[in-house]
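Survey of secondary and tertiary structure
One letter stands for each residue in the lines below.
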Amino acid sequence: MSTTDIQLTSETGSIAVTLRPLGATIQRIDFGGRDLVLGYDSSADQAECTVHPYFGTVGRVCNRIAGGAFSLAGNQFSLVCNNGPNALHGGPKGFDSKVWSLREQTQSSVVFECKSADGEEGFPLPLIASVSYTLNGNDLIIDYEAHIDEASLNGDEVMQDTIANLTTHSYFNLSGLDNPSILDHIVHFPNSLGHMELNSVQIPTGTIIKPDELASMDFTSEPKTFGRDITQVQEFKGYDHFYVVKDIDVITADTSKKQELVLAATVKSPESGIKMEMLTDAIGFQLYTANFLESTIPTKSTHPKGTYGQHAGFCLETSAPPDAINSPNEKVRSTVIIKRGQKWTQKTIYRFSKE
């Protein structure tokens with residue numbers, strides 16, 4: 001299984017992307033004369049990291065699961081709590097720490113695949129996950145898929161279902177770290193229905209707070225910088241919240257809307273003039289402003305020499321809602337459940353331009 005980085009180029013665009021089998025990671029995005037993502041120069045350095053910033057593809061289930069426990073089909077499952085009282089991003093040895101196999105490759109696309117055994121990190125049934133990256137013009141298109149590994153079943157399994165919720169946890173800095181903070185980036189979430197209210201350990205309460213109900217969390221009414229109101233969001237040292245862009249009742253009633261792409265976010269660096277638009281068919285995304293990067297990780301050779309400190313990057317983690325499997329709402333729970341013979345899928349596009 002290769003650990004060599006792979007570079008994709010677009011015949012019609014001005015972007016190049018370097019991908020790493022370790023974690024199916026976006027190691028580098030070259031656009032506008034800058035490298036727009038944080039990370040490590042080498043796979044070895046990334047593998048040896050002890051602070052665990054999750055630079056790669058995270059799963060089997062991204063985000064938090066309350067109490068590190070869930071019930072599925074009448075069975076109880078316990079996970080490792082690696083985030084206070086919660087299980088986070090698939091556990092201590094989630095998908096971001098696996099070396100993914102290379103299934104397909106062309107000049108402008110690659111498909112990575114990883115297998116997860118029954119019981120791995122506490123999750124039931126064997127799973128096959130894949131993530132494909134495709135460059136089309138200046139679009140980086142990411143397609144996720146997960147399904148139960150029928151070939152690995154031994155025939156006496158009680159369970160018929162498992163859960164999955166993958167996302168890309170890349171940290172972007174659209175100045176290429178010429179400005180080591182993203183707090184000056186101008187942000188707009190044009191189609192946000194609001195963000196999920198959280199309890200003190202960052203688990204959704206079930207309430208969605210609309211954009212006009214809390215100004216410090218509102219990126220919808222008008223564009224604003226990450227930094228304008230971040231001092232008012234200090235319970236978690238900054239933004240680490242799930243923004244909803246699709247109504248679960250609507251997509252449940254009309255499943256054709258599940259695959260519809262929504263312009264979820266636009267972010268622009270005033271220093272570089274580079275803009276990134278994010279489109280997704282996911283219900284929403286987690287906004288994270290690198291609140292816990294604390295100057296312990298050295299910068300890549302493509303970035304100004306130093307370390308990645310707090311707010312050096314931002315993440316837009318498209319996914320089903322956090323702790324969905326424990327939601328009292330059956331429709332929310334269904335967003336992460338995979339039945340035998342079915343697939344969990346998701347599409348996200350990062351579109352780059354320079355003004």
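Before reading further, recall that the structure is shown in the block above.
A short tour of the structure in this document, coming up. Since we're looking at a predicted model, the values are computed, not measured.

Parameters and conventions
- Residues numbered from 1 in each chain as written.
- Predicted model: local features only at pLDDT ≥ 70, side-chain atom pairs only at ≥ 80, totals over all residues.
- Heavy atoms only, no water.
- Salt bridge = Lys/Arg side-chain N within 4 Å of Asp/Glu carboxyl O.
- Helix = DSSP H or I, 4+ residues; strand = E, 2+ residues; numbered from the N terminus.
- Buried < 20%, exposed > 50% of the residue type's maximum accessible area, 1.4 Å probe, protein only.
- Pairing = 2+ DSSP bridges.
- Axes fitted to C-alpha atoms, helices over the stretch in contact; angles between N-to-C directions.
- Polar contact = N/O pair within 3.5 Å; in protein donor to acceptor, adjacent residues only side chain to side chain.
- Contact = heavy atoms within 4.5 Å.
- Disulfide = S-S within 2.5 Å.
- Core = buried A, V, L, I, M, F, W, Y, C linked by side-chain atoms within 4.5 Å.
- Phe/Tyr/Trp six-rings, centres within 6.5 Å; stacked < 30°, edge-to-face > 60°.
- Lys, Arg positive; Asp, Glu negative; His and termini not counted.

Some details on the pattern of salt bridges
If you walk through the whole model with that rule in mind, you get 21 salt bridges. The closest approach of N and O atoms between Glu294 and Lys237, which form a salt bridge, is 3.0 Å. Here Glu294, found in the loop between β23 (284-288) and β24 (297-298), pairs with Lys237, found in the loop between β19 (224-225) and β20 (240-244); they are 57 residues apart in sequence, far enough to count as distant. Glu260 is the salt-bridge partner of Lys257, the closest N and O atoms lying 3.9 Å from each other. A relative accessible area of 29% means that Lys257 is categorised as partly exposed. Bridged by salt links that share partners, the residues Glu222, Lys224, Arg228 and Asp229 form one connected network.

What about the sheet that holds strand β17 (residues 194-198)?
Read from one edge of the open sheet, five strands run β18-β17-β20-β23-β26, paired in antiparallel fashion. At either end of the open sheet lies a strand with only one pairing partner, and these are β18 (204-209) and β26 (315-319). Each adjacent strand pair in this sheet contributes to an overall mean axis angle of 30°, direction not counted. Relative to β18, β17 runs antiparallel, the two sharing three bridges. Along β18, the bridge assignment pairs His195 with Ile209.

Description of unusual backbone geometry
The omega torsion across Gly59 and Arg60 is 10°, close enough to zero to call that bond cis. Examined against the element boundaries, Arg60 turns out to sit in the loop between β5 (57-58) and β6 (64-66). Located in the positive-phi region is Lys237, a residue other than glycine, with phi close to 70°. Accessibility expressed as a relative area gives 32% for Lys237, which makes it partly exposed.

Some remarks on the side chain of Gln346
Structurally, Gln346 is set in strand β28 (residues 344-354). Engagement of the side chain of Gln346 in a polar contact is seen with the backbone oxygen of Thr318, the distance being 2.9 Å. With near-sequence residues (within four places) excluded, Gln346 lies in contact with Ile142, Asp143, Tyr144, Leu166, Asp281, Ala282, Thr318, Ser319 and Ala320.

Remarks on the state of the cysteines
Tallied over the entire structure, the rule returns zero disulfides. Here Cys49 stays free of any disulfide, with the sulfur of Cys315 as its closest cysteine sulfur at 14 Å. Cys49 sits in the buried class, given a relative accessible area of 17%. Here Cys81 is not disulfide-linked; the sulfur of Cys62 is the nearest cysteine sulfur, at 17 Å.

Focus: the nonpolar core
Ile29, Tyr133 and Phe285 are the most contacted members of the largest nonpolar core, which has 73 residues in total. Beyond its immediate stretch of four places on either side in the chain, Phe285 contacts Phe189, His241, Phe242, Tyr243, Val245, Ala264, Ala265, Met278, Leu316, Glu317 and Thr318. Formed by 13 residues, the second largest nonpolar core is a distinct cluster that contains Leu177, Leu293, Ile297 and Ala312.

Section: the sheet that holds β19
Across the sheet, which stays open at both edges, the nine strands sit in the order β10-β11-β12-β13-β28-β22-β21-β16-β19 with antiparallel pairing between neighbours. Where the open sheet ends on each side, the last strands, each with one partner, are β10 (101-105) and β19. Judged from the two bridges that link them, strand β16 (residues 186-188) and β19 form a sheet pairing that is antiparallel. Across the sheet, residue Ile186 finds its bridge partner in β19, namely Thr225.

Considerations on the packing of aromatic side chains
Under the definition given, this model contains 18 aromatic pairs. Summarising the aromatic geometry, the rings of Phe226 and Phe314 are spaced 5.3 Å apart at their centres and angled 40° between planes, so their arrangement reads as tilted. Separated by 88 residues along the polypeptide, Phe226 in the loop between β19 and β20 and Phe314 in the loop between β25 (307-308) and β26 bring together distant segments of the chain. Look at Phe314 and you get buried, because its relative accessible area is 0%. Counting every residue linked through ring pairs, the aromatic cluster contains Phe172, Phe189, Phe219, Phe226, Tyr239, Tyr243, Phe285, Phe314 and Tyr350.

Overview of the side chain of Glu317
In this fold, Glu317 is placed in strand β26. Buried within the structure, Glu317 lacks any salt-bridge partner; Arg64 is the closest side chain of opposite charge, at an N-O distance of 7.1 Å. Engagement of the side chain of Glu317 in a polar contact is seen with the side chain of His169, the distance being 3.3 Å.

Some points on the environment of Asn326
You can see Asn326 is positioned in the loop between β26 and α3 (330-333). Judged by relative accessible area, which is 31%, Asn326 ranks as partly exposed. When residues no more than four places from it in sequence are discounted, the contact partners of Asn326 are Ile65, Ala66, Ala69, Phe70 and Ser71. At 2.7 Å, the side chain of Asn326 and the side chain of Asp323 are in polar contact.

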